[in-house]
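# Report on the structure
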Amino acid sequence: MSVTIYHNPRCSKSRQTLQLLRDRGVEPEIVEYLKTPPDEKTLDEFLTKMGMEPRDLMRKKEAPYADLKLAERSLSRAALIRAMVENPILIERPIVVKGGKVALGRPPEAVLDIL
């Protein structure tokens, strides 16, 4: 079964997770999500499968989080997901997908549960 990693090569945790996969004989499909972000439906599915809400997967220290006032509690789930798709720098990484399972590689070893 194939494995996909939503990866940012500039991120140390993302690089560590990719190396962890390779060390275990897994050569994943690599999606550089800053260039090719998941669409809203896919991101919503990832969140559901990980048992997370959108803000749980957001990088709150990135400028767009403050600029777009994403801490505002009145924002809907759909609005938060849309903001992440339109500003993929907000998406925490890496996300690893295998079959119907999804894991956030923070720490990198967290992805081992889905392999």
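Further up the page is the structure itself.
A brief structural summary. Not measured: the values here are computed from a predicted model.

### Some points on the nonpolar core
Counting 23 residues, the largest nonpolar core has Leu 43, Phe 46, Leu 57, Met 84 and Ile 95 as its most contacted members. Of all elements in the fold, only helix H2 (40-50), helix H4 (77-86), strand E3 (95-98) and strand E4 (101-104) reach the threshold of two or more residues within this core. Looking at this core element by element, the count peaks at five residues for H4. For Leu 57, the residues in contact, after removing those within four places along its chain, are Leu 43, Leu 47, Met 50, Met 52, Met 84, Leu 90, Ile 91, Glu 92, Ile 95 and Leu 104. Among the nonpolar cores identified, the runner-up in size contains ten residues, and Ile 5, Leu 20, Val 96 and Ala 103 belong to it.

### With respect to the packing of aromatic side chains
For the structure on display, the rule yields one aromatic pair. Plain terms: the ring middles of Tyr 6 and Phe 46 are 5.3 Å apart, the flat faces sit at 70° to each other, and that makes the pair edge-to-face. Residue Tyr 6 is located in strand E1 (residues 3-7), and its partner Phe 46 is located in helix H2; the two are separated by 40 residues in the primary sequence.

### Some details on helix H1 (residues 12-23)
Three- or four-residue spacings in an α-helix give side chains the same orientation, since the helix completes a turn every 3.6 residues. Taking 1.5 Å per residue, twelve residues should reach 16 Å; H1 reaches 16 Å between its end C-alpha atoms and fits that length. Considering only its buried residues, H1 is in contact with E1, strand E2 (29-32) and E3.

### Structural notes on the pairing of E3
Examined bridge by bridge, E1 and E3 share four bridges and lie antiparallel to one another. In the sheet register, Val 3 faces E3, and the bridge partner there is Lys 98. Linkage of E3 to E4, two consecutive antiparallel strands, is achieved through a turn of two residues, within which Gly 99 is found at a positive phi near 60°.

### Side note on the packing of H2 against H4
One can describe the packing of H2 onto H4 by two numbers: an axis separation of 9 Å at closest approach and a directional angle of 115°. Judged on the interaxial angle alone, H4 and H2 are roughly perpendicular. Seen along the crossing, H2 lies across H4 with a hand that is right-handed. Within the contact between the two elements, H2 uses Glu 40, Leu 43, Asp 44, Leu 47 and Thr 48 and H4 uses Arg 77, Ile 81, Arg 82, Met 84 and Val 85. Its residues placed into classes, the contact of H2 with H4 shows five nonpolar, one polar and four charged.

Basis of the calculations
- Residues numbered from 1 in each chain as written.
- Predicted model: local features only at pLDDT ≥ 70, side-chain atom pairs only at ≥ 80, totals over all residues.
- Heavy atoms only, no water.
- Core = buried A, V, L, I, M, F, W, Y, C linked by side-chain atoms within 4.5 Å.
- Buried < 20%, exposed > 50% of the residue type's maximum accessible area, 1.4 Å probe, protein only.
- Helix = DSSP H or I, 4+ residues; strand = E, 2+ residues; numbered from the N terminus.
- Contact = heavy atoms within 4.5 Å.
- Phe/Tyr/Trp six-rings, centres within 6.5 Å; stacked < 30°, edge-to-face > 60°.
- Expected span 1.5 Å × (residues − 1).
- Pairing = 2+ DSSP bridges.
- Axes fitted to C-alpha atoms, helices over the stretch in contact; angles between N-to-C directions.
- Parallel < 35°, antiparallel > 145°, perpendicular 65-115°, else oblique.
- Left-handed = near helix turned anticlockwise from the far one by under 90°.
- Nonpolar A, V, L, I, M, F, W, Y, C, P; charged D, E, K, R; others polar.

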